[in-house]
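Chain and residue survey
Each chain is listed here by its residues.
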Amino acid sequence: MTVITNIEDLRVIAKRRVPKMFYDYVDSGSWTESTYRANESEFQKIKLIQKVARNMEGRTLKREMLGDMMSMPVCIAPTGLVGMVHPDGEILAARAASNFGIRYTLSTMSIASLEDIKREVNQPFWFQLYVMRDREFMLSLIERAKAAGCDALVITLDLQMIGQRHIDLKNGLAVPPKPTIRNWINLLTKQRWCWNMLKTKRRQFGNIVGYVKDIDDPSSLAAWTSQQFDPTLNWADIEWIKNAWGGKIILKGILDAEDAKHARDAGADAIVVSNHGGRQLDGALSSIEVLPSIVEALRGSNTEVFLDSGIRSGQDVLKAIALGAKGTMIGRSYLYGLGAYGEKGVTKALEIIANELDLSMAFCGLTDINQVDEKILVPSTIPNPFKMN
Ligand code: FNR
């Protein structure tokens with residue numbers, strides 16, 4: 001590995017190694033990408049208070065998320081098509097996460113299946129479910145997630161319609177790939193990727209193909225998925241899914257205090273304050289901006305608040321924890337590592353984040369992540385987008 005010191009280094013290498021259509025799929029937001037950009041830039045506006053001359057030995061980042069001790073308050077967010085970013089990418093990332101002592105979340109739209117992760121990694125992981133019109137198939141996914149040893153179900157609420165990403169349409173993004181001529185030429189320059197792709201059997205949506213009747217070729221799959229995301233989804237469905245699952249549920253995609261209360265009332269064990277990494281409602285506030293209002297809305301309840309969207313450093317994690325998040329999730333930060341160096345790259349991304357988190361916490365005068373609160377932040381820089389002047 002060349003000298004990698006931050007997530008941006010991994011991004012640059014991933015861009016060289018991953019075929020353009022799949023790199024673009026990762027590194028883009030919807031429409032004007034204003035929310036995508038805000039997710040990162042709003043973190044930068046929050047400032048930390050330095051403290052000196054305190055004993056900084058014996059530091060710990062260990063923190064519980066949903067009752068399980070994580071080596072740091074960061075988990076891997078569900079992302080689709082990971083096996084196209086790097087062949088067998090889901091297995092590699094799940095292995096890296098589990099060796100690091102954090103949870104991996106497998107997306108419904110993954111290339112490797114629930115059974116692949118169970119067989120190849122055999123450690124607890126979370127499963128992300130999209131609410132589909134075919135309730136029978138959803139129930140079968142829930143049963144398969146139980147059999148695979150998943151210890152929480154992440155229900156994504158913000159993708160019943162799909163935010164348009166211009167670049168994916170222009171690239172002809174599909175699984176398996178249907179590249180444009182320019183992208184075919186690009187694919188020929190990614191020999192390592194092509195070679196690894198030839199070696200694996202996993203080139204389709206592993207949770208779906210072979211499990212749904214009449215889906216045996218790419219065009220029937222495309223037609224099925226485009227009809228399946230259920231726009232009638234509502235809070236009553238969540239209670240129904242919670243009962244069918246019988247375990248912990250995490251509701252992902254909450255950006256509003258009133259919705260956070262609905263999630264709590266529907267029995268969420270945790271919510272993820274998330275705008276899907278700026279891939280859905282362009283023009284929505286960044287996750288970190290809305291976090292304080294949601295933490296306030298759920299104060300006193302047992303529903304844990306997680307945050308994702310825009311985390312590219314350990315400092316970003318520290319700021320989210322200071323603003324009241326119990327934990328965080330990362331999407332692109334780990335995908336850049338995966339695209340650059342496979343499993344080693346994911347481990348590198350996690351090490352970078354842990355190291356930055358540890359040192360920044362220490363600069364703020366604290367030795368235990370569980371001591372971190374708003375007092376480490378400069379008050380005038382704490383986001384408050386709903387404040388009336
Ligand atoms: C996602 N995300 C996502 N979320 C989900 O619930 N199911 C999914 O299948 C996907 N797929 C997906 C693919 C890619 C390429 C990205 C980048 C994201 C959203 C993801 O879980 C998370 O909310 C964001 O990635 C968080 O933002 P950052 O960390 O990427 O800035």
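For the structure itself, look to the data block above.
Residues numbered from 1 in each chain as written. Predicted model: local features only at pLDDT ≥ 70, side-chain atom pairs only at ≥ 80, totals over all residues. Heavy atoms only, no water.

1. Here we look at the site of the ligand
- Taken together, 23 residues are adjacent to the ligand, and Pro78, Ser107, Tyr130, Thr156 and Asp308 come closest.
- At 2.6 Å, a backbone N or O of Pro78 approaches an oxygen atom of the ligand.
- Separating a nitrogen atom of the ligand from a side-chain N or O atom of His276 is a distance of 3.3 Å.
- Relative to its unbound accessible area of 600 Å², the ligand is 98% covered by the protein chains.
- Most atoms of the ligand, that is more than half of them, are within 2 Å of grid points of the largest pocket.
- Of the residues contributing to the shell around the ligand, the split by class is seven nonpolar, eleven polar and five charged. (Near = heavy atom within 4 Å. Polar contact = N/O pair within 3.5 Å; in protein donor to acceptor, adjacent residues only side chain to side chain. Areas by Shrake-Rupley, 256 points an atom, 1.4 Å probe, with all protein chains shown as cover. 1 Å grid on protein atoms, 1.4 Å probe; cavity = no way out; pocket = protein on both sides within 12 Å on 5 of 7 lines; lining within 4 Å. Sits in = over half its atoms within 2 Å of the grid points. Nonpolar A, V, L, I, M, F, W, Y, C, P; charged D, E, K, R; others polar.)

2. What about the pairing of strand S5 (residues 126-130)?
- Among the five residues in S5, five count as buried, and that is most of the element.
- Residue alternation in S5 divides its side chains into two sets, Trp126, Gln128 and Tyr130 and Phe127 and Leu129, and both sets are buried.
- The pairing of strand S4 (residues 105-106) with S5 spans two bridges and is parallel. If you follow Thr105 over to S5, its bridge partner there is Trp126.
- The parallel pair S4 and S5, bridged by helix H6 (residues 114-120), forms a crossover whose chirality is right-handed. (Buried < 20%, exposed > 50% of the residue type's maximum accessible area, 1.4 Å probe, protein only. Helix = DSSP H or I, 4+ residues; strand = E, 2+ residues; numbered from the N terminus. Pairing = 2+ DSSP bridges. Right-handed = clockwise from strand over helix to strand, strands pointing away.)

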